[in-house]
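# Analysis of the macromolecular model
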Amino acid sequence: MELFNQWFTQLTGSLGLATGLAGLVFALLGCFFGYRLIRLLVTVGGAALGAVLFISAKLHWLPQLDFPVWAAGLLGAVLVGLLSCFVYKAGLFCYFALMGGSFAGYLAPLLHISGASGLWLTLAAGLIIGVLGVILNRPYIICVTGISGGLSAGLSVFTLLSFSAPAFAPVLCGAVLAALGVLFQFKTAKR
């Protein structure tokens, strides 16, 4: 896990502002247009999940293989992204599992849950939210895309602008964006 953390820190540090702005735009699109853009979100979410899974597999279980970490990530992104795009239910699962796992991974340290317990919480949340995403339909898609997009956008704004605000401020900003996004989607998305 330490190798993955070092690789991810180097990658995000080198990409900096461009990655942050792209993340903010993606989060806002998901927040306000998630139901309409679900096929795109599913493909990108599947690609992200595939990259993380393949990089983790390369670093933890296959370190002896002679190919770079970025190649494992690219291979995973392409394979799982294509699977997510063409097999819609699998894509919904990947997207919602990524959203649930990301949210639980963010909350775990705030709740002072770390180590194996934090990992199991993240995996369980991803699995539960992923399965619910496949079973449920329009209202669930709107709520999850609105909430995850809003919270991500709120956190991104405070991170990009380096505000020195109380710890709850980014979450509060994200919650307001999430509520607006969910309301907007319910008003504009056709049944």
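No experiment lies behind these values; they were computed from the predicted model shown.

Calculation notes
- Residues numbered from 1 in each chain as written.
- Predicted model: local features only at pLDDT ≥ 70, side-chain atom pairs only at ≥ 80, totals over all residues.
- Heavy atoms only, no water.
- Helix = DSSP H or I, 4+ residues; strand = E, 2+ residues; numbered from the N terminus.
- Buried < 20%, exposed > 50% of the residue type's maximum accessible area, 1.4 Å probe, protein only.
- Contact = heavy atoms within 4.5 Å.
- Areas by Shrake-Rupley, 256 points an atom, 1.4 Å probe, with all protein chains shown as cover.
- Core = buried A, V, L, I, M, F, W, Y, C linked by side-chain atoms within 4.5 Å.
- Axes fitted to C-alpha atoms, helices over the stretch in contact; angles between N-to-C directions.
- Parallel < 35°, antiparallel > 145°, perpendicular 65-115°, else oblique.
- Left-handed = near helix turned anticlockwise from the far one by under 90°.
- pLDDT = per-residue confidence, 0-100.
- Phe/Tyr/Trp six-rings, centres within 6.5 Å; stacked < 30°, edge-to-face > 60°.
- Lys NZ or Arg CZ within 6 Å of the ring centre and 35° of its normal.

### Some thoughts on the overall build of the protein chain
Each helix and strand in the protein chain was counted, giving 7 helices and 0 strands. Each of the three principal axes of the protein chain carries a C-alpha extent, and together these read 55 × 45 × 35 Å. The proportion of buried residues among the 191 residues of the protein chain is 36%. Relative to all contacts within the protein chain whose residues are 6 or more apart in sequence, the contacts with residues 24 or more apart total 76%. In the form shown here, the protein chain has an accessible surface area of approximately 11,100 Å², with 77% of it arising from carbon and sulfur atoms.

### Observations concerning the nonpolar core
In this structure, Ile38, Leu92, Tyr95 and Phe96 are the most contacted members of the largest nonpolar core, which totals 14 residues. Excluding anything up to four places from it in sequence, Tyr95 contacts Ile38, Leu41, Val42, Gly45, Thr145 and Ser148.

### Quick look at the packing of helix H2 (residues 38-60) against helix H4 (residues 88-110)
Viewed as axis vectors pointing N to C, H2 and H4 meet at an angle of 65°, and their least axial separation amounts to 8 Å. Taken together, the axes of H2 and H4 are roughly perpendicular relative to one another. Relative to H4, H2 is oriented so that their crossing is left-handed. Contacts from Ile38, Arg39, Leu41, Val42, Gly45, Gly46, Ala48 and Leu49 in H2 reach Tyr88, Gly91, Leu92, Cys94, Tyr95 and Leu98 in H4.

### What to know about the confidence of the model for the protein chain
Averaged over every residue, the pLDDT of the protein chain is 83; the share at 70 or more is 92%. Highest mean pLDDT in the protein chain belongs to helix H7 (residues 168-188) (92); lowest belongs to helix H1 (residues 2-33) (72).

### A look at unusual backbone geometry
Positioned with a positive phi, His112 is a non-glycine residue whose angle comes to about 60°. Positionally, His112 belongs in the loop between H4 and helix H5 (115-135).

### Digging into the environment of Leu132
Within the secondary structure layout, Leu132 lies in helix H5. By relative accessible area, Leu132 is classed as partly exposed at 34%.

### With respect to the packing of aromatic side chains
With the rule as written, the count across this model stands at 4 aromatic pairs. Arranged with centres 5.9 Å apart and planes meeting at 75°, the rings of Phe32 and Phe184 form a pair that is edge-to-face. Taken together, the positions of Phe32 in helix H1 and Phe184 in helix H7 put the pair 152 residues apart, joining distant regions of the chain. A ring pair is formed by Phe33 and Phe184, whose centres lie 5.5 Å apart and whose planes are at 85°; its orientation type is edge-to-face. Highlighted residues: Phe33 in helix H1 and Phe184 in helix H7, separated in sequence by 151 residues. The exposure class of Phe33 is partly exposed, given its relative accessible area of 32%. Among the aromatic residues, ring-to-ring pairing joins Phe32, Phe33 and Phe184 into one connected group. Stacked on the ring of Tyr35, the Lys or Arg Arg138 has its end atom at 5.9 Å from the ring centre.

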